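So you can see what is in the structure, the chains are spelled out below.
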Amino acid sequence: MARVETSSSRPYHLVIFGASGFTGQFVVEEVARTVSEGPKGNLKWAVAGRSKQKLEKVLEQAAGVLGKPELRSEVDIIVADVEEPDSLAAMCKQAVVVLNCVGPYRFYGEPMVKACVENGAHHIDISGEPQFLESMQLNYNSQAADKGVYIIGSCGFDSIPADMGVLYTRDQFKGTLTAVESFLTIGSGEDGGCIHDGTWQSAIYGFSDSQKLQSLRRKFNHKPLPTVGSKLRRRGTLFFSNEIQQYTVPFMGSDPSVVKRTQRFLVDEHQANPVQYGAYAGIGGISNVIKLMFAGMMFWLLVKFSFGRNLLIKVNKHKEDALCPSLPKTGGVYTPGAAFAKTTLTDRLNKHGIQFSVV
């Protein structure tokens, strides 16, 4: 069972690292909203990052938005920097769980994982970067298991909906579920949409290092997962989807990688039948197809060269509760589905606006 109790030497249930970043600010507000769901109706938590002043502003903003002025005094601040290992170690020694919001994780993620494993803190991140996620499994799984530490990646948009959604569908399905396809559609407001800088950088370097990811995967020496039922046919690079009534492309995020890792865990540890998975994203009508083809061609050319990657980056800059007892028996590096399959996470997400349903 995962350790969830605080102590005099480890006073915080949760430390949000990178709380002053783009995503961290939203995380702080959500934790403040749901603090009563913590162990025994309470959650002792802190925010962490490089700048005390910025962290103070984040707490002040959250206090104003939520009408909770007590946040300014009740939530502690820890100064820590990924480039200062001693500061990370000191932070991890005080935390039961570190929620790491500092990306791109390929550049800043490993020091935090290393510090957590070495200092006995569980680690959760919101990475959507397969190369980082799988390299952490390769490099830290055994050490984390020995220490009883849980390292759980991709616990955000990538890839909770996909990973937990497949498990939810399997559990609700009358019969043996053999395959699932997901289709992502995105709407934007009157002002259009934008991509956060960290996400943009992750996409750039993910495309440029695709060969390194393939090399990394060969190191696991995995056997192919068994196929139950008919083999799921991969759709084309571009096709019109009758399901969502728009042109569609394969989803380029971490969802397929994460879901496959979860299915492999369930096969190896629980002798479950694996579910095949395909992920796609809608892009709209024919005019969007033309725009995407042109933009995609330029993006592909630019990410192959360092000057192109730098240009793309500059362009974007300008523009103890019910959840823990059913975790896997030993620590290690896990996907959300592997870690949370037998917990109440899906029910809790349903209560907070992330709806899972089978129709």
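As shown above, the structure is provided for reference.
Residues numbered from 1 in each chain as written. Predicted model: local features only at pLDDT ≥ 70, side-chain atom pairs only at ≥ 80, totals over all residues. Heavy atoms only, no water.

1. Re the overall build of the chain
Right, so step 1: When its secondary structure is counted, the chain shows 14 helices and eleven strands.
Right, so step 2: Put simply, the chain has 359 residues, and 46% of those count as buried.
Right, so step 3: When the accessible surface of the chain is split by element, carbon and sulfur atoms take 54% of a total near 19,500 Å². (Helix = DSSP H or I, 4+ residues; strand = E, 2+ residues; numbered from the N terminus. Buried < 20%, exposed > 50% of the residue type's maximum accessible area, 1.4 Å probe, protein only. Areas by Shrake-Rupley, 256 points an atom, 1.4 Å probe, with all protein chains shown as cover.)

2. Structural notes on the environment of V289
Right, so step 1: Summarising the element assignment, V289 is placed in helix α11 (residues 286–303).
Right, so step 2: Residue class for V289 comes out buried when judged on its relative accessible area of 5%.
Right, so step 3: In this structure the C-alpha to C-alpha distance between V289 and V249, which are 40 residues apart in sequence, comes to 9.7 Å.
Right, so step 4: Setting aside its immediate chain neighbours within four residues, V289 contacts L238, Y247 and I283. (Contact = heavy atoms within 4.5 Å.)

3. Some points on the sheet that holds strand β6 (residues 150–152)
Right, so step 1: Taken in spatial order, the seven strands of this open sheet run β3-β2-β1-β4-β5-β6-β11, and their pairing is parallel. At either end of the open sheet lies a strand with only one pairing partner, and these are β3 (76–79) and β11 (332–334). On average, adjacent strands in this sheet sit at an angle of 20° to one another, irrespective of strand direction.
Right, so step 2: Sheet analysis places strand β1 (residues 12–17) next to strand β4 (residues 95–100), joined by five bridges and oriented parallel. Residue pairing across strands places V15 opposite V98, the latter belonging to β4. (Pairing = 2+ DSSP bridges. Axes fitted to C-alpha atoms, helices over the stretch in contact; angles between N-to-C directions.)

4. Regarding the environment of Q137
Right, so step 1: Within the secondary structure layout, Q137 lies in helix α6 (residues 130–147).
Right, so step 2: The exposure class assigned to Q137 is partly exposed, which follows from its relative accessible area of 22%.
Right, so step 3: Spatially, the C-alpha atom of Q137 lies 8.6 Å from that of I151, the residues being 14 residues apart in sequence.
Right, so step 4: Residues contacting Q137, with those up to four places away along its chain left out, are F220, R261 and V333.
Right, so step 5: Side chain to side chain, Q137 and R261 meet in a polar contact 2.9 Å long. (Polar contact = N/O pair within 3.5 Å; in protein donor to acceptor, adjacent residues only side chain to side chain.)

5. Remarks on helix α5 (residues 105–119)
Right, so step 1: For α5, with 15 residues, the first-to-last C-alpha span of 20 Å sits near the 21 Å given by 1.5 Å per residue.
Right, so step 2: Among the residues making up α5, those that are buried are Y105, G109, M112, V113, A115, C116, V117 and N119.
Right, so step 3: Buried residues along α5 sit against β1, α4 (85–92), β4, β5 (122–125), α6 and β6.
Right, so step 4: Downstream of α5 by a residue or two, G120 has a phi angle that is positive, lying close to 80°. (Expected span 1.5 Å × (residues − 1).)

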